[in-house]
Amino acid sequence: MSTTVTRSRAADGAEPGTEGSDDRVVRVASVPASHVYVRHLAPIDPADRTVERLPDPDPDEPGRSAVSRWWPPAMLEPDWVDLNASFDVFHLQFGFDARSPEQLAALTGALERRERPFVYTVHDLRNPHHTDRAAHDAALDVLIPAADALITLTRGAADEIERRWNRTAEVIPHPHVVDFETMARIQAERAHSASARADSVRPFRIGVHLKSLRASVNPLPVLRALVDAVRDSPGLVLQVDGHNDVLHRDGRRYDAELADFVETAAARGLIDLRIHDYFSDEDLWRYLASLDASVLPYRFGTHSGWLEACRDLGTAVIAPDCGYYGQQGPAFIYGHSERGLDAESLIAAVAAARQAGPATPVSVAERMRQRTTIADRHRELYRSLLP
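Residues numbered from 1 in each chain as written. Predicted model: local features only at pLDDT ≥ 70, side-chain atom pairs only at ≥ 80, totals over all residues. Heavy atoms only, no water.

Draft legend 1. Quick peek at the packing of helix 3 (residues 101-114) against helix 4 (residues 134-146). The N-to-C vectors of helix 3 and helix 4 enclose an angle of 15°; their axes lie 9 Å apart at closest approach. The orientation of helix 3 relative to helix 4 falls into the category roughly parallel. Considering the relative orientation of helix 3 and helix 4, their crossing is right-handed. Along its contact with helix 3, which presents Pro101, Leu104, Ala105 and Thr108, the element helix 4 presents Ala138, Ala139, Val142, Leu143 and Ala146. Residue composition of the contact of helix 3 with helix 4, grouped by class: 8 nonpolar, 1 polar and no charged. (Axes fitted to C-alpha atoms, helices over the stretch in contact; angles between N-to-C directions. Helix = DSSP H or I, 4+ residues; strand = E, 2+ residues; numbered from the N terminus. Parallel < 35°, antiparallel > 145°, perpendicular 65-115°, else oblique. Left-handed = near helix turned anticlockwise from the far one by under 90°. Contact = heavy atoms within 4.5 Å. Nonpolar A, V, L, I, M, F, W, Y, C, P; charged D, E, K, R; others polar.)

If you want it as structure tokens, here you go:
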């Protein structure tokens, strides 16, 4: 398929808006609709209804919209596509990890039969949840050639897509992650706190959050290097956060070697260890804002919402050179991939972040301008695919 198509709609009924008009509503079957990334593709003005995203169907009863649960996405079923005439464009973002290439081909085939344009935002060229890349590569080999239009978040990812599939992806950057009200409040609090302690000496706090140990996370080499840096650098504090399911013996994903390392380091006063359940959004924002820098311990991946949240809040990011994290926004880059960790570069990145001083957050005004542009570009792309 080409990046712009013309499709007949006669078989499925009338347009929601007036054909060819600039103010017609484009109804998008978005997979998903309730994820924070997708919510922040919408215009800031709630009165702007030129793009309407269908609510996520309830996975247990696809005829109803879901209130708080969207996975597994019912819209990925060919039967859902065949039985729903109420959308103009199908836009896939996330949620297809458990689908085989054959199932994805059945989905794109259903969209082709229904003559509905298919847009795919390529967030992940290397799935962070898969140790072996083969399954995700096979999925991309179905989705990317079948899409009528492709979006990705960085120029490097777009270049890789062109190199591997000879397809052009439009680069539209990641929107804000933190809501504007919280962003403004925390930015103001951090500025006030920095002003109040301008003449005082305070530790430089770096954080590593283990989350629930995605396949892409390789924490032990990173933590060992950081512990060495802390030992040799007075005034440097390493905070390690981990979930109960990873660091408690009765946890579902308990990692004995990792738990032993962090517990021993904490007992020696080398790390500030904090074990807890999943953060709420508010707790997560407070956690990130408490850090001077957040280290992303990934050995593979592509893009990061965590990085964008740090930018919203004014927390520096220390990111690996795998994937395209360094193209999303300012970051201190170190060497880390499936080939291993360059410990010296990690220690150098920490030193550079410390030397640079407090990170400057993306202002709320700039994030609002960016979101308006992002919403406009999505609307224009959707309209370009309609007859």
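Draft legend 2. Structural context of unusual backbone geometry. In the segment running from Val31 into Pro32, the intervening peptide bond is cis, with an omega of -5°. Structurally, Pro32 is set in the loop between strand 1 (26-31) and helix 1 (36-39). One non-glycine residue, Glu115, lies in positive phi territory at about 55°. Mapped onto the elements of the fold, Glu115 is located in the loop between helix 3 and strand 6 (118-122). With relative accessibility at 30%, the residue Glu115 sits in the partly exposed group. Although it is not a glycine, Asn166 sits at a positive phi angle of roughly 55°. Along the chain, Asn166 turns up in the loop between helix 5 (155-165) and strand 8 (169-171). (Buried < 20%, exposed > 50% of the residue type's maximum accessible area, 1.4 Å probe, protein only.)

Draft legend 3. Structural view of the pattern of salt bridges. All told, the structure shown has 24 salt bridges when counted by the stated rule. Where Glu366 meets Arg369, a salt bridge forms, and the shortest distance between an N and an O atom there is 2.9 Å. Linking Glu366 with Arg369, this pair stays in helix 14 (residues 364-384), spanning 3 residues, or about one helical turn. Accessibility expressed as a relative area gives 48% for Arg369, which makes it partly exposed. (Salt bridge = Lys/Arg side-chain N within 4 Å of Asp/Glu carboxyl O.)

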